[in-house]
Amino acid sequence: MHLVQKDLSEPYSVFTYRYFLHRWPQLCILAVPSDSGDRRPIGCVVCKIDAKRDDDAAENNNDATDGSMKVYTGYIGMLAVEKEFRRSGIGTSLALRAIRRMQQMGCQSIQLETEVTNKGAMRLYEDRLGFIREELLVKYYLNWNNAYRLRLWLK
C-alpha cells in the first residue's frame, strides 16, 4: 500500500485492491528488485477484464448458441513505480506484461484513465505503448483534475 498511497492522486481503498487481486491475480503484477537484500516492491500494475455482450456481433454470427457473444476489454486500474526507479523501464515492462496477459485472455482492447497533467504517464501510454485518447473527462478526479480516457486496440 505504501507504493500506491504515496504517488497516486487518487489511490483506491484496500477493498478495491483486494477485489482486483482475488478476481484477476494474474493481472496484478509486482516488480521486486532481485539484486538487493530489500525485497520491497518498487513497482506494480493492477488490472482487470470486463466482459460485455456484443449484440451486433451476435446477430451476424450464426454459431452463437445463446444468441450472445462477449467482448472483452482490459482495464489498467493503476500503474505505480517508486520515484527513484522511474525512467528505468520498469513501468513499461509492467505495462507490457499486463497487456500481453490481457491479450492472451481474449481482450480486444485495453482502457485506462490518467490525469492530463501526468506527462510521464502520457508519454508511456501514447508514445511507447500506442494508446490513443478516446475522451476528455472533465473534473474526473477528487482533486478536480481532468483526465484522459485512453484505449489500446489489440489485434
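Above this text is the structure in question.
Below: a short report on this structure. Since the structure is predicted, the reported quantities are computational estimates derived from the model, not experimental observations.

What counts as what
- Residues numbered from 1 in each chain as written.
- Predicted model: local features only at pLDDT ≥ 70, side-chain atom pairs only at ≥ 80, totals over all residues.
- Heavy atoms only, no water.
- Core = buried A, V, L, I, M, F, W, Y, C linked by side-chain atoms within 4.5 Å.
- Buried < 20%, exposed > 50% of the residue type's maximum accessible area, 1.4 Å probe, protein only.
- Helix = DSSP H or I, 4+ residues; strand = E, 2+ residues; numbered from the N terminus.
- Contact = heavy atoms within 4.5 Å.
- Phe/Tyr/Trp six-rings, centres within 6.5 Å; stacked < 30°, edge-to-face > 60°.
- Lys NZ or Arg CZ within 6 Å of the ring centre and 35° of its normal.
- Pairing = 2+ DSSP bridges.
- Axes fitted to C-alpha atoms, helices over the stretch in contact; angles between N-to-C directions.
- Salt bridge = Lys/Arg side-chain N within 4 Å of Asp/Glu carboxyl O.
- Arc of directions from axis to C-beta.

Right, let's talk about the nonpolar core for a bit. The biggest cluster of nonpolar side chains holds 30 residues, and the ones touching the most others in it are V45, I76, M102, I110, Y125 and F131. Listed by contribution, the elements that provide at least two residues to this core are β1 (28-31), β2 (43-53), β3 (70-81), α4 (90-104), β4 (109-115), α5 (119-128) and β6 (147-153). For this core, the leading source of residues is α4, giving 6 residues. Beyond its immediate chain neighbours, meaning those up to four positions away, I76 contacts V45, V46, C47, M102, I110, Q111, L112, Y125 and F131. Counting residues in each nonpolar core, the second largest holds 7 residues, with F20, C28, C44 and V46 among its members.

Here we take up the environment of G120. As for its placement among the helices and strands, G120 is situated in helix α5. Sequence separation of G120 and R87 is 33 residues, and the distance between their C-alpha atoms is 8.9 Å.

Moving on, we come to the packing of aromatic side chains. This structure, assessed with the given rule, holds 5 aromatic pairs. Here the aromatic rings of Y19 and W24 are separated by 5.4 Å at their centres, their planes lie at 85 degrees, and the arrangement is edge-to-face. For W24, a relative accessible area of 7% gives the class buried. Through successive ring pairs, a cluster of aromatic residues spans Y19, F20 and W24. Across the ring face of Y75, the terminal group of K48 is positioned such that the distance to the ring centre comes to 5.8 Å. The ring of Y148 carries the charged tip of R133 above its face, separated from the ring centre by 4.3 Å.

The mixed open sheet is built from 6 strands, whose spatial order is β1-β2-β3-β4-β6-β5. Each edge of the sheet is formed by a strand with only one pairing partner; in this case those strands are β1 and β5 (132-137). Ignoring strand direction, the axes of neighbouring strands in this sheet form an average angle of 25 degrees. With 11 bridges joining them, β2 and β3 adopt antiparallel strand pairing. Paired with I49 across the two strands is G74, which belongs to β3.

What follows concerns the pattern of salt bridges. Pairing between side chains becomes possible if they bear opposite charge and their charged atoms approach one another. Tallied over the entire structure, the rule returns 5 salt bridges. For R133, the salt bridge goes to E126, with nearest N and O atoms at 2.6 Å. Among the charged side chains, a network of salt bridges with common partners joins E113, E135 and R149.

Moving on, we get to the pairing of β2. When a strand is regular, its side chains alternate between the sheet's two faces. Sheet topology places β1 next to β2; 4 bridges connect them, and they run antiparallel. Across the sheet, the residue bridging to I29 is V45, located in β2.

This paragraph deals with α5. Considered for burial, the residues of α5 that qualify are A121, M122, L124 and Y125. On an axial view of α5, the arc spanned by its buried residues comes to 165 degrees, and they lie on one face. Away from the buried face of α5 by more than 90 degrees, exposed residues K119 and D127 are located. Contacts from the buried residues of α5 go to β3, α4, β4, β5 and β6. A positive backbone phi angle near 90 degrees is found at G130, which sits one or two residues after α5.

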